[in-house]
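# Observations on the model geometry
Residues per chain, in single letters:
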Amino acid sequence: MTRFRSVRNFERKPCEGNCHPHSYPHRIFIQPGSLLRGPLTKVSALYPGSFDPPTNGHLDLIERGAKIFEELVVGILRNSEKSPMFSLAERLDMLKTLTAHLKNVRIEAFHGLMVEYAKSIDATCVLRGIRAVSDYEYEFQMALMNRKLEPTLETVFMMPADKYSYVSSRLVREVAQVGGPVKGLVPEVVEQRLRAKLEPAYKFHDEMQEELQEVAARGPARKGRRRKS
């Protein structure tokens with residue numbers, strides 16, 4: 001038999017709120033522990049990707065995912081068919097540095113089917129970010145295929161912060177390869193790695209910027225000269 005305890009014995013008094021003015025004195029019975037928050041389901045999630053390079057959008061999803069899941073494993077895909085800008089060891093090092101403050105986040109590398117890797121680490125959920133409608137179409141197909149391969153594996157989609165909604169590793173690489181600025185698109189440690197790896201491109205870009213500034217400075221003087229007839 002369930003035991004209940006009395007919380008409060010109400011005395012009849014003039015009502016100051018929305019209670020009925022003619023209500024009788026009564027007691028409220030609450031089962032012990034019923035107001036306590038029940039145990040939350042422990043969920044381990046996998047956030048897979050190439051992360052070449054890691055962007056502020058990636059870090060945004062990792063930090064937010066760490067608040068939702070008990071454990072978040074960031075899985076870096078080892079794909080031998082692609083020639084990444086950063087080696088697997090470099091990406092592992094960067095992500096470990098960026099997530100050092102998140103105690104429930106683990107950085108690992110994997111190859112092969114993602115669903116098999118998720119099963120090997122006891123992950124029951126896959127975290128994916130969606131930036132635009134085009135992303136959703138691709139991710140929707142992937143989620144259905146993953147469910148076909150492993151019905152117990154759920155997919156959770158998260159929208160990035162507005163300021164990162166257009167940022168992707170591909171766009172960052174394209175900008176960096178011609179020496180363009182990537183500040184605000186990637187964390188500072190990644191920006192430094194990009195400049196070090198693509199030093200000739202950044203050096204050429206900086207030299208061109210200096211020349212353009214010199215030309216712009218000489219422009220008004222040339223316009224002031226009159227052509228002799």
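Residues numbered from 1 in each chain as written. Predicted model: local features only at pLDDT ≥ 70, side-chain atom pairs only at ≥ 80, totals over all residues. Heavy atoms only, no water.

### Quick look at helix α4 (residues 133-149)
Note the following rule: Segments assigned H or I by DSSP are reported as helices when at least four residues long, segments assigned E as strands when at least two residues long, and all are numbered from the N terminus. Working rule for helices: expected span equals 1.5 Å times residues minus one. Any residue under 20% of the maximum accessible area for its type is buried, any over 50% is exposed, and the rest in between are partly exposed; the area is computed with a 1.4 Å probe on protein chains only. Comment: arc refers to directions from the helix axis out to C-beta atoms. When checking whether two residues touch, look at their non-hydrogen atoms; a contact exists if any pair is within 4.5 Å.
For α4, built from 17 residues, the straight-helix expectation of 24 Å at 1.5 Å per residue is met to within 8% by its first-to-last C-alpha distance of 25 Å. Where α4 is concerned, the buried positions are Asp135, Glu139, Ala143 and Asn146. In an axial view of α4, the angular spread of the buried residues amounts to 65 degrees, which keeps them on one side of the axis. Exposed residues on α4 whose side chains face more than 90 degrees from its buried face are Val133, Ser134, Glu137, Gln141 and Lys148. Of the surrounding elements, those touching the buried residues of α4 are α3 (114-120), β6 (125-129) and β7 (154-158).

### Here we look at the sheet that holds β7
Keep this limit in mind: Strand pairing is assigned whenever DSSP identifies at least 2 bridges connecting the two strands. Only the stretch in contact is used when fitting a helix axis, every axis being a line fitted to C-alpha atoms; angles between N-to-C directions are given from 0 to 180 degrees.
On the basis of which strands lie adjacent, the open sheet formed by five strands has the order β5-β4-β3-β6-β7 and parallel pairing. Because the sheet does not close on itself, it has two edges, and the strands there are β5 (105-110) and β7. Mean inter-strand twist for the sheet, computed between neighbouring axes without regard to direction, equals 30 degrees. Both β6 and β7 contribute to a ladder of five bridges, which runs parallel. Within β7, the position partnered with leucine 127 by the bridge is valine 156.

### What about the nonpolar core?
Rules: For the purposes of this section, nonpolar cores are sets of buried Ala, Val, Leu, Ile, Met, Phe, Trp, Tyr and Cys residues that join through side-chain atoms within 4.5 Å.
Counting 19 residues, the largest nonpolar core has Ile62, Leu72 and Val105 as the members making the most contacts within it. Breaking this core down by element, the ones donating at least two residues are β3 (44-49), α1 (56-68), β4 (71-77), α2 (88-98), β5 and β6. Residues within four places of isoleucine 62 in sequence aside, it is in contact with Tyr47, Leu72, Val74, Leu95, Thr99, Leu102 and Val105.

### Considerations on the layout of surface pockets
Leftover empty space is mapped by rolling, across the atoms, a probe with the size of a water molecule. Selection rule: Cavities and pockets are defined on a 1 Å grid built over the protein atoms alone: a cavity is a set of grid points where a 1.4 Å probe fits but cannot escape, while a pocket is an open set with protein on both sides within 12 Å along at least five of seven lines, and lining residues are those with an atom within 4 Å of any such point. Grid points are joined across faces, edges and corners, and a volume is the space filled by probe spheres set on the points. The residue classification treats Ala, Val, Leu, Ile, Met, Phe, Trp, Tyr, Cys and Pro as nonpolar and Asp, Glu, Lys and Arg as charged. All others, Gly included, are polar.
Of the pockets and cavities examined, the largest pocket occupies roughly 1,300 Å³. What lines the largest pocket is a set of 46 residues, among which Pro48, Gly49, Ser50, Arg128 and Tyr138 lie closest to the centre. Contributing elements (two or more residues each) for the lining of the largest pocket: β3, α1, α2, α3, β6, α4 and α5 (169-177). Residues that form the lining of the largest pocket fall into these classes: 22 nonpolar, 14 polar and ten charged.

### Description of the side chain of histidine 58
Selection criterion: Identification of polar contacts relies on pairs of N or O atoms within 3.5 Å, with a donor-acceptor requirement for protein atoms, meaning one able to donate a hydrogen and the other able to accept it, and with residues adjacent in sequence counted only if both atoms are side-chain atoms.
If you trace the backbone, histidine 58 turns up in helix α1. A relative accessible area of 16% means that histidine 58 is categorised as buried. For histidine 58, the side chain forms a polar contact with the main-chain nitrogen of threonine 55, separated by 3.1 Å. Dropping the residues within four chain positions of it, histidine 58 is found in contact with Tyr47, Phe51, Pro53 and Ser169.

### Considering unusual backbone geometry
With omega at 0 degrees, the peptide bond leading from aspartate 52 into proline 53 counts as cis. On the secondary structure map, proline 53 appears in the loop between β3 and α1.

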